[in-house]
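Here's the letter readout for the chains.
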Amino acid sequence: MKSAQDFYNTAEKREIISVIVQNEDSVLSRISNLFSARGYNIDSLTVAPVPNSEYSRFTIVTVGSARTIDQIVKQLNKLIPVLKVIEHKNCIEKDTVLVKLPIGQNLSDIEVIVKAYNGSIQHITDDAIIISATNDPKRIMDFIKVIQAFHPIEIVRSGVVSIER
């Protein structure tokens, strides 16, 4: 029988980690190599400059045991351009999706669904409707499942961004 400590070390959990780095060449490569070299998976990765600074913020969503997450954080802290590693515990997280649907769909049906997921119609052309939704990642997954009924041409997700409450 496993002890509580064994369970803690082997139970898989989803973790959001933000990494503040010096904005310089090859930082993305170094971070992704850290994950691939150790066999860790990245579920989502977003990167953007921190406004009014020379830094960038990586938001990484990964899954692993407590031991694995601890190792990831320790390894990230060892990378030279890394200034700060934040393990989010109580945060707001958002994901955005853009969906291109073929024209000929009932716009009112689409609009009702999109509004239910914090979205809107972004653009209409002669042959496509482009919609977007921004919500927590689970709701975005639900939205993608629902919108499948309209036979999307293309679906693009932004990746998770988060901030501590």
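A.B. asks: Just checking my understanding: could you explain the packing of aromatic side chains for this structure?
C.D. replies: To describe a pair of aromatic rings, you give the distance between the ring centres and the angle between the ring planes. On inspection of all chains with the given rule, the structure shows two aromatic pairs. Measuring from ring centre to ring centre gives 6.3 Å for Phe-35 and Tyr-40, while their planes differ by 80°; the resulting arrangement is edge-to-face. Taken as a pair, Phe-35 and Tyr-40 share a single burial class, namely buried. With a centroid separation of 5.2 Å and an interplanar angle of 55°, the aromatic rings of Tyr-117 and Phe-143 are classed as tilted. Of this pair, Tyr-117 sits in the loop between α4 (107-116) and β6 (119-124) while Phe-143 sits in helix α5 (residues 137-147), and the two are 26 residues apart along the sequence.

A.B. asks: Explain the domain arrangement of the chain here, please?
C.D. replies: The accessible area lost on association of the parts is a frequent measure of interface size. Under the domain assignment, the chain is made up of domain 1 (4-89) and domain 2 (92-164). Each of domain 1 and domain 2 has a C-alpha centre, and these two points are 28 Å apart. Buried area between domain 1 and domain 2, summed over both chains or domains, comes out near 670 Å², and the portion from carbon and sulfur atoms is 43%. Three residues stand out in domain 1 for area buried against domain 2, namely Arg-14, Thr-46 and His-88, and they jointly supply 46% of the buried area on that side. A salt bridge links Arg-14 to Glu-93; the nearest nitrogen and oxygen atoms lie 2.6 Å apart. If you look at where domain 1 meets domain 2, you find seven residue pairs in polar contact (both at pLDDT 80 or more). For the side of domain 1 that touches domain 2, the secondary-structure elements that each account for two or more residues are β1 (13-22), β2 (44-49), β3 (55-64) and β4 (82-87).

A.B. asks: Which parts of the structure should I look at to understand the environment of Leu-34?
C.D. replies: Within the secondary structure layout, Leu-34 lies in helix α2 (residues 27-37). Taking relative accessible area as the criterion, Leu-34 reaches 4% and is therefore assigned buried. Sequence separation between Leu-34 and Lys-94 is 60 residues, and the spatial gap between their C-alpha atoms is 25 Å. When sequence neighbours within four positions are dropped, the list of residues in contact with Leu-34 reads Gln-75, Leu-76 and Leu-79.

What counts and what doesn't
Counting from 1, residues in each chain are numbered in the order their sequence is written. Where local features are concerned, this predicted model is filtered to residues with pLDDT of at least 70; where side-chain atom pairs are given and counted, the filter is 80 or more; whole-chain, interface and lining totals use all residues. Side-chain measures were taken over the full set of non-hydrogen atoms in the model, leaving aside hydrogen atoms and water. In this scheme Phe, Tyr and Trp rings, the latter by its six-membered ring, pair at centre separations within 6.5 Å, and the angle between planes marks the pair as stacked below 30 degrees, edge-to-face above 60, and tilted otherwise. Three exposure classes are used, based on accessible area relative to the maximum for each residue type with a 1.4 Å probe and protein chains only: buried under 20%, partly exposed in between, and exposed over 50%. Helix and strand assignments follow DSSP, with helices taken as H or I runs no shorter than four residues and strands as E runs no shorter than two, numbered in order from the N terminus. Marked domain ranges trace back to an automatic or database domain assignment. As a working definition, buried area equals the accessible area (1.4 Å probe) given up by two parts on being put together, with both sides summed. We count a salt bridge whenever a side-chain nitrogen from Lys or Arg sits within 4 Å of a carboxyl oxygen from Asp or Glu. A 3.5 Å cut-off defines polar contacts: any pair of N or O atoms within that distance qualifies, except that in protein one atom must be a possible hydrogen donor and the other a possible acceptor, and neighbouring residues in sequence count only when both atoms are side-chain atoms. Any two residues having at least one pair of non-hydrogen atoms within 4.5 Å are treated as being in contact.

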